[in-house]
Number of protein chains: 2
Amino acid sequence: MLASTAVGQDNLLNVARSLFSPIPKRAADLDGNPATLEKLELGKMLYFEPRLSQAHNISCNTCHQIGRAGADGRSTSIGHNWQRGERNAPTVFNAVFNIAQFWDGRAADLTEQAGGPISNPTEMGTTPRHAVEELKGIPGYVEAFGKAFPDEIDPLRYDNIARAIAVFEATLITPNAPFDRYLEGNENALTTEQKEGLRLFADKGCSSCHNGINLGGSMYAPFGVFEKPGWEFLPPDDKGRIEVARKVDDDYVFKVPTLRNVALTAPYFHSGHAWDLEQAVAVMGTTQLGTQLSPEEVDKITAFLKALTGDQPKVTYPTLPPSVATTPRPEP
Amino acid sequence: MLASTAVGQDNLLNVARSLFSPIPKRAADLDGNPATLEKLELGKMLYFEPRLSQAHNISCNTCHQIGRAGADGRSTSIGHNWQRGERNAPTVFNAVFNIAQFWDGRAADLTEQAGGPISNPTEMGTTPRHAVEELKGIPGYVEAFGKAFPDEIDPLRYDNIARAIAVFEATLITPNAPFDRYLEGNENALTTEQKEGLRLFADKGCSSCHNGINLGGSMYAPFGVFEKPGWEFLPPDDKGRIEVARKVDDDYVFKVPTLRNVALTAPYFHSGHAWDLEQAVAVMGTTQLGTQLSPEEVDKITAFLKALTGDQPKVTYPTLPPSVATTPRPEP
């Protein structure tokens, strides 16, 4: 009996290792955008830099907070002029491991993503040209871009703003979750309930979409494979990826979100209208798997999901270079 | 000639020491609100906590940013529903050394101040009752308040929110500015121009109001002793301290602001409409001293003010406890 349980657990670990990978202790360099200390420090400053917004009051960290698992805990974020975004702000933590960025995958990678919100009229509300003028008006940034991009004649450019931010974002990873320790061979890292949840997660088919290093972030799927969710979770006007990739057959296709740190990042779904993780699990059962999960099954899967909370990044708040008399001023 | 210069410098140091004091390396405990590690950690979390605002998107750090010398670089801040504040957000750095808080001194100390913006309808826009309900809905805060206020039956109260924040704010001090090193006896810590600026600062009378540890923050003064500034700097409807302390004879009396880190905290004055430190110095000359400072004098005084930039606090961004399904949700 003991032997059989041990074999069962060994099998479960093998199944898990075939589906998932642990978060590495250190992130790798981004393609074509190698990390240097100077670029990383600059990227961290820019991540906290509200002068990249029209009114100088919104930074990357406003909607992707370092202290809140890289998200903001709202259904949709509040941007320039108190406008609401259309989709829930996804976590920036471990985003480097996603196949693409944004809910609809419209940015190929972090470098392509990072410039988006800055010049989105409903988010930070500035323009690429003004963002560059702003930073060129701050002597500390002129110097920092020169050091971060030492071989370039004109280093303070919009694409380099995004490159530096992306290099910082790539360091925002959360290794050492109980599930990572389990994958690395520590079978005691998960509780019995969490292991039962892991088995259900694989057996019921959750892992068909939520797999890989991020338990998500590796593919696209329609929301509502078996049954469309209620419109509160699936607003009819947001048809998802079809507006990016016209070849997609189905409406309402979105990138499968990561489940890393999911216990810290309510509310859920692209609409951000599911506030309860257990409810979100149950809705996934009916809409994506055609299965009415029992309350016990939901509890076990949720217990497993809580084992995906890793070590949160320790970030020292950067001191930002001061504006001077000639620095472009914020919109009043 | 050398001897006479040396005596002159020695005299200057003595004059300086009679007017000013260096920032200590460590802040002292607040009266009636002793710091403990647990209270400090809690206060740091609350300082970065947007769930203390009605829409869960504004924290203390929004307007008093750790990376921007404790201020936000706007004339007046943007609060709940994109409302503008009435006065420039003063720096929180070294605020513990001020005789009172807010531009009009309406809060006696940091502990009294810290609860103000949370429940100000134009700032964070929540209420004391709702702020407490919010935090009581977050298990991690229930635990943290219990540890920070271990002898209390009901530790999670609005006044304790303010106490914890105040304890953290009291650590936000900036020692080791060149001027501090000068006051401590290192006569080479100031450049010749900065010493000339210091002498002018004392001789012209700036130090009549801007004195003590914070070069300000120790008294109240009317804006426009000799000559009222233009209305762009002195909005007619904001009569200052008279609305707090009816016994004050004059309109337009405000707390003299600290000049610590002033080179980092443009724009200036309670209206926040002076963006150029040299312009602000010149305006002070005409309005407060009845003196038209020459451009050379303005340059020297400004050079001295730049010697007031101290070591900026190093703050590790706190990981905030997660909301759960029953936590009160933000206003959409």
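Keep in mind the model is a prediction, meaning the values are calculated, not measured.

Definitions and cut-offs
- Residues numbered from 1 in each chain as written.
- Chains lettered and ligands numbered in written order.
- Predicted model: local features only at pLDDT ≥ 70, side-chain atom pairs only at ≥ 80, totals over all residues.
- Heavy atoms only, no water.
- Domains from an automatic or database assignment.
- Contact = heavy atoms within 4.5 Å.
- Salt bridge = Lys/Arg side-chain N within 4 Å of Asp/Glu carboxyl O.
- Polar contact = N/O pair within 3.5 Å; in protein donor to acceptor, adjacent residues only side chain to side chain.
- Nonpolar A, V, L, I, M, F, W, Y, C, P; charged D, E, K, R; others polar.
- Buried area = accessible area lost by both parts, 1.4 Å probe.
- UniProt positions renumbered as here; feature names shortened; annotations may be inferred.
- Helix = DSSP H or I, 4+ residues; strand = E, 2+ residues; numbered from the N terminus.
- Least-squares fit on C-alpha atoms with pLDDT ≥ 70 in both.
- Buried < 20%, exposed > 50% of the residue type's maximum accessible area, 1.4 Å probe, protein only.
- Expected span 1.5 Å × (residues − 1).

As for the domain arrangement of chain A
Residues and elements named next belong to chain A.
Then step 1. For chain A, the assigned domains are domain 1 (11-24 + 175-307) and domain 2 (37-171).
Then step 2. Computed from C-alpha coordinates alone, the two centres of domain 1 and domain 2 are separated by 27 Å.
Then step 3. Every contact between the two is made by 29 residues of domain 1 and, on the other side, 22 residues of domain 2.
Then step 4. The tally of links from domain 1 across to domain 2 stands at one salt bridge.
Then step 5. Residue Asp238 is joined to Arg87 by a salt bridge in which the shortest nitrogen-to-oxygen separation is 2.7 Å.
Then step 6. Taken together, the connections running from domain 1 to domain 2 amount to ten residue pairs in polar contact (both at pLDDT 80 or more).
Then step 7. Residue composition of the side of domain 1 that touches domain 2, by class: 13 nonpolar, twelve polar and four charged.

A closer look at the interface of chain B and chain A
Where the parts come together, the accessible area they lose is often given as the size of the interface.
Then step 1. Across the contact, 40 residues belong to chain B and 40 residues belong to chain A.
Then step 2. Regarding the contact of chain B and chain A, the summed buried area is about 3400 Å², with carbon and sulfur atoms giving 55% of it.
Then step 3. Three residues stand out in chain B for area buried against chain A, namely Trp82, Trp275 and Tyr317 of chain B, and they jointly supply 22% of the buried area on that side.
Then step 4. Between chain B and chain A we count zero salt bridges in total.
Then step 5. Residue composition of the side of chain B that touches chain A, grouped by class: 18 nonpolar, 13 polar and nine charged.

As for the UniProt feature "binding site: heme c 1" (unreviewed entry) in chain A
All names here are of chain A.
Then step 1. Under the present numbering, the feature "binding site: heme c 1" (unreviewed entry) in UniProt falls on Cys60, Cys63, His64 and His80.
Then step 2. With residues up to four places along the chain from it excluded, the contact list for Cys60 reads Leu46, Tyr47, Met124 and Ile165.
Then step 3. Position of His64 among the secondary structure elements: in the loop between helix H3 (60-63) and helix H4 (110-119).
Then step 4. When residues no more than four places from it in sequence are discounted, the contact partners of His64 are Tyr47, Gly70, Ala71, Ala89, Pro90 and Val92.
Then step 5. Within polar-contact distance, the side chain of His64 engages the backbone oxygen of Gly70 at 3.3 Å.

Overview of the relation of the copies chain B and chain A
Two chain copies here: they are related by a rotation about an axis and a translation along the same axis.
Then step 1. Expressed as a screw operation, the relation of chain B to chain A combines 0.0 Å of axial shift with a rotation of 180 degrees, fitting to an RMSD of 0.0 Å. Each copy turns onto its partner about a two-fold axis. For chain B, the smallest separation between a C-alpha atom and the rotation axis is recorded for Thr316 of chain B, amounting to 2.1 Å.
Then step 2. A symmetric contact is evident, with 100% of the interface residues of chain B recurring at the interface of chain A.

Quick word on the side chain of Asn211 of chain B
Residues and elements named next belong to chain B.
Then step 1. For Asn211, the position within the fold is in the loop between helix H10 (192-203) and strand S1 (220-222).
Then step 2. With relative accessibility at 18%, the residue Asn211 sits in the buried group.
Then step 3. Not counting chain neighbours up to four residues away, the residues in contact with Asn211 comprise Leu19, Phe20, Gly216 and Ser218.

Quick look at helix H11 (residues 277-289) of chain B
Residue and element names in this part refer to chain B.
Then step 1. End to end, H11 covers 17 Å across 13 residues, agreeing with the expected 18 Å (1.5 Å per residue, within 8%).
Then step 2. Two to three positions downstream of the cap, the backbone nitrogen of Glu278 sits 2.9 Å from a side-chain oxygen, assigning the N-cap of H11 to Asp276.
Then step 3. One or two residues past the end of H11 sits Gly290, with phi positive at roughly 65 degrees.

Thoughts on the UniProt feature "binding site: heme c 2" (unreviewed entry) in chain A
Residue and element names in this part refer to chain A.
Then step 1. UniProt records the feature "binding site: heme c 2" (unreviewed entry) for Cys206, Cys209, His210 and Met284 in the present numbering. A stretch of 79 residues holds the annotated residues, and the largest C-alpha distance among them is 11.3 Å, short enough that they meet in one place.
Then step 2. Tracing the sequence through the fold places Cys209 in the loop between helix H9 (192-203) and strand S1 (220-222).
Then step 3. A relative accessible area of 21% places Cys209 in the partly exposed class.
Then step 4. Those residues in contact with Cys209, other than ones at most four positions away along the chain, are Gly216, Ser218, Met219, Ala221 and Val256.
Then step 5. Mapped onto the secondary structure, Met284 falls in helix H10 (residues 277-288).
Then step 6. Overall, Met284 belongs to the partly exposed group, its relative accessible area being 23%.
Then step 7. When residues no more than four places from it in sequence are discounted, the contact partners of Met284 are Phe223, Phe269 and Leu289.

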